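# Understanding the architecture of this molecule
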Amino acid sequence: MTLLKDKKFSLYLFTVISIIVLVGIFAFSVVYIGYREFERSFANEYNSSALNAANTCATYIDGDDIDDYLNNPEDSEIKSEYDKVNELMTDITEVQNMSVIFVIVPTSEYNYYTAVFDAVPKDSEYEPWKIGHVEQVVAEDSKQLYQQLWEGHAEYGFIARLSSTESRPHVTACVPIKSSTTGEVKAILCAQRYVAQLQQAKRKYALSVGIVTFVISLIVIYISIQTIGSKIIKPIKAISDEAERFAAENTKTEKNSLRSISDIIEINGLAESIDKMEYDTVNYIRDLTAATAEKERLGADLDLAARIQNGMLMNKPLDRPEVDMAASMTPAKGVGGDFYDYFMVDDTHVAILVADVSDKGVGAAFFMSLSKTIIKTLATRGERPGEIIKHADMMISEKNSAGMFVTVWLGIIDLTNGHVVACNAGHDYPAIYREGQGFAVVKEVHGPPVAFMPDMDFPEIEYDLKPGERIFLYTDGLTDAKSIDGDRFGIDRIIEVLNANRNHNNESLLTVMRRAVDNFIGEEPLFDDTTMLGFTYLGPAQSEYAGGVTRSF
């Protein structure tokens, strides 16, 4: 069965075989049905002629005379009447081409019958029975017919012996001979006709019809094969060859155009579809090649942009004994809009900030670069955090044709005493670690994002850090990190991770946080740029900076 399934056939060969088989079946059906109809029609004609002869003879025989014919055959008057009737029946056999017409009287069991008349043509080889001759009934169908006629259940009937095994195939029509006075059946008249002509006619018909059908079938097969070959097989073969060529070469030339390859709408439509597919595929390959080259160029540009952006971020620890710091930024799209920074404003004050631009990708990276440069430049001029953010808001809004904005958390910490002055411009609340309390989110007062609502004021918040206390800053990429089930990482998980690892330094703490987020999101991609900054105030230190330049905040 598997071999048959795997076997491949030529469409042309399959079509030729199918046409031959179908035409052969049709031709055989025509010959068979015609032969059977001819045989039935011819047999009906023979039955009708035999029945007509039987009915004609029956009109000349009076059933009341049957007993006189059998009981007094020697009586001159009866014999004269008998001979007259017998001669008339003989003439009818010759005129209507009957082989024999006979009249019989069956026994009560219908096993035997007695012959009354037995008329045969004068040139017949058959020797007629004498009146009173007794014959055994052998065939069961003959017994049944005699019984039906004798008992009045039928007005006529036929006995057919058409098999080639019969010595002389024939049909016999039988009718009852009734008494003219009582209507009682007195005898049965049988008119028999040989069917040699029927057999010969059937053979002749079968031969002639068979030859004609065979010739017509050959013509039909030839025309069908030629038509299907030129109109269907050849175009489909051309389409197949062109598809195979195109699959190997992936090129399209005018000389291989399949348009108008066939007059058949469906095949021509298929050819045009293949032609269009090739044209579209060639164009797609060309466009894909160009797009791939462009993507590689953009990839190189993005890689360069990512290196530039990474270079702009502070990657070195702050070399001060009063603090422990670490920060990281993971972009969602190669380059991102988040940024962080930490730098010394003067000899005793350090600035830390985390910001989030309102977009991702290259555009956000450019906006981030502009915002970071402006904020850092303003911070080194000695202004307070609120003033720095307000001036940055004015400068960035003037050049903000794209309508972007940035959230910022900026704090300046005095390293001599841990005093913090901070400004939150629409950013996420920081997590503050207090001695004996652990990490907790501090919901401080804040203003709008930078470049979101120009000319707004940006309030400040102040508090003190004791040695060992910490600040953890982050962007919403951390809280919004999404698992495969759609859950968000959230601030509660952030606080849980911070408190479980509060004895780690900041670099280790950020590593643990990144690992916790990675385990949470699994195979899901980063939803947004993710930035974290950890700051720990270790306390004042006796150092060369004690008498340096300081500013009042």
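Analysis parameters
Residues numbered from 1 in each chain as written. Predicted model: local features only at pLDDT ≥ 70, side-chain atom pairs only at ≥ 80, totals over all residues. Heavy atoms only, no water. Phe/Tyr/Trp six-rings, centres within 6.5 Å; stacked < 30°, edge-to-face > 60°. Buried < 20%, exposed > 50% of the residue type's maximum accessible area, 1.4 Å probe, protein only. Lys NZ or Arg CZ within 6 Å of the ring centre and 35° of its normal. Pairing = 2+ DSSP bridges. Helix = DSSP H or I, 4+ residues; strand = E, 2+ residues; numbered from the N terminus. Axes fitted to C-alpha atoms, helices over the stretch in contact; angles between N-to-C directions. Contact = heavy atoms within 4.5 Å. pLDDT = per-residue confidence, 0-100. 1 Å grid on protein atoms, 1.4 Å probe; cavity = no way out; pocket = protein on both sides within 12 Å on 5 of 7 lines; lining within 4 Å. Points joined across faces, edges and corners; volume = space filled by probe spheres on them. Patch = residues over 30% accessible without salt bridge, like charges linked within 9 Å, V, L, I, M, F, W, Y side chains within 5 Å. Areas by Shrake-Rupley, 256 points an atom, 1.4 Å probe, with all protein chains shown as cover. Salt bridge = Lys/Arg side-chain N within 4 Å of Asp/Glu carboxyl O.

### Considerations on the packing of aromatic side chains
One pass over the full model with this rule turns up 12 aromatic pairs. With centroids separated by 6.4 Å and ring planes inclined at 15 degrees, the aromatic side chains of Y340 and Y342 adopt a geometry described as stacked. A relative accessible area of 2% places Y340 in the buried class. Consider the rings of F472 and Y474, whose centres lie 6.0 Å apart with planes at 25 degrees: the pair is stacked. Among the residues examined, F472 registers a relative accessible area of 1% and is labelled buried. Grouped by ring-pair contacts, the aromatic residues F102, Y113, W129 and Y146 constitute a single cluster. Between the NZ or CZ atom of R193 and the centre of the ring of Y46, over which it lies, the distance is 4.2 Å.

### Quick word on the sheet that holds strand 12 (residues 431-434)
Read from one edge to the other, the open sheet built from 5 strands follows the order 7-16-15-12-13, with strand pairing classed as antiparallel. Each of the sheet's edge strands pairs with one partner strand only, and the pair in question is strand 7 (323-330) and strand 13 (438-441). Along the sheet, successive strands turn relative to each other by an average axial angle of 15 degrees, direction set aside. One ladder, built from 8 bridges, connects strand 7 with strand 16 (residues 530-537); its direction is antiparallel. Its bridge partner being in strand 16, S328 is matched across the sheet by M532. Strands strand 12, strand 13 and strand 15 (470-474) of the sheet are contacted by helix 11 (residues 490-500), whose axis makes an angle of about 160 degrees with strand 13. The strands touched by helix 12 (residues 506-521) within the sheet are strand 7, strand 13, strand 15 and strand 16, with strand 7 carrying the most contacts at an inclination of about 30 degrees.

### Some points on the confidence of the model for the protein
Across the protein, pLDDT averages 83, with 86% of residues at or above 70. Across the protein, the secondary-structure element scoring lowest on mean pLDDT is helix 1 (residues 2-6), at 50, and the one scoring highest is strand 15, at 97. A low-confidence stretch, residues 542-550 (pLDDT under 50), is modelled with 10 contacts involving residues beyond four sequence positions or located in other chains.

### Some remarks on the layout of surface pockets
Put simply, the largest pocket is a space of about 570 Å³. Contributing to the lining of the largest pocket are 24 residues, with F102, Y113, W129, H170 and Q192 lying nearest its centre. Those elements giving two or more residues to the lining of the largest pocket turn out to be strand 1 (100-106), strand 2 (112-119), strand 3 (134-136), helix 5 (140-150), strand 4 (157-161), strand 5 (170-178) and strand 6 (185-194).

### With respect to a nonpolar patch on the surface
Side chains of L207, I211, F214, V215, L218, I219, Y222 and I223 sit close together on the surface and give an oily, nonpolar patch of about 820 Å² of accessible area. As for its placement among the helices and strands, I219 is situated in helix 6 (residues 196-249).

### A few points about the pattern of salt bridges
All told, the structure shown has 16 salt bridges when counted by the stated rule. The partner of K79 in a salt bridge is D83, and the shortest N-O contact between them spans 3.1 Å. With a gap of 4 residues between them, K79 and D83 both fall in helix 4 (residues 76-95), about one helical turn apart. Assessed through its relative accessible area of 36%, D83 is described here as partly exposed. With a closest N to O distance of 3.0 Å, R384 and E462 form a salt bridge. In this pair, R384 sits in the loop between helix 8 (362-379) and helix 9 (385-398) while E462 sits in strand 14 (residues 460-464), placing the two residues 78 residues apart along the sequence.

### Concerning unusual backbone geometry
Residue N97 is not a glycine yet carries a positive backbone phi of 60 degrees. Residue placement: N97 occurs in the loop between helix 4 and strand 1. Using a relative accessible area of 45% as the deciding quantity, one classes N97 as partly exposed. Not every positive phi belongs to a glycine, and A451 is a case in point at roughly 70 degrees.

### Things to note about the pairing of strand 13
Within a regular strand, the side chains alternate between the two sheet faces. In this sheet, strand 13 lies alongside strand 12 in antiparallel orientation, the contact comprising 4 bridges. Residue R434 lies in a different strand from strand 13, and its bridge partner there is G438. In textbook terms, the turn of a hairpin is the stretch between consecutive antiparallel strands, and for strand 12 and strand 13 this stretch comprises 3 residues, one of which, G436, has a positive phi near 80 degrees.

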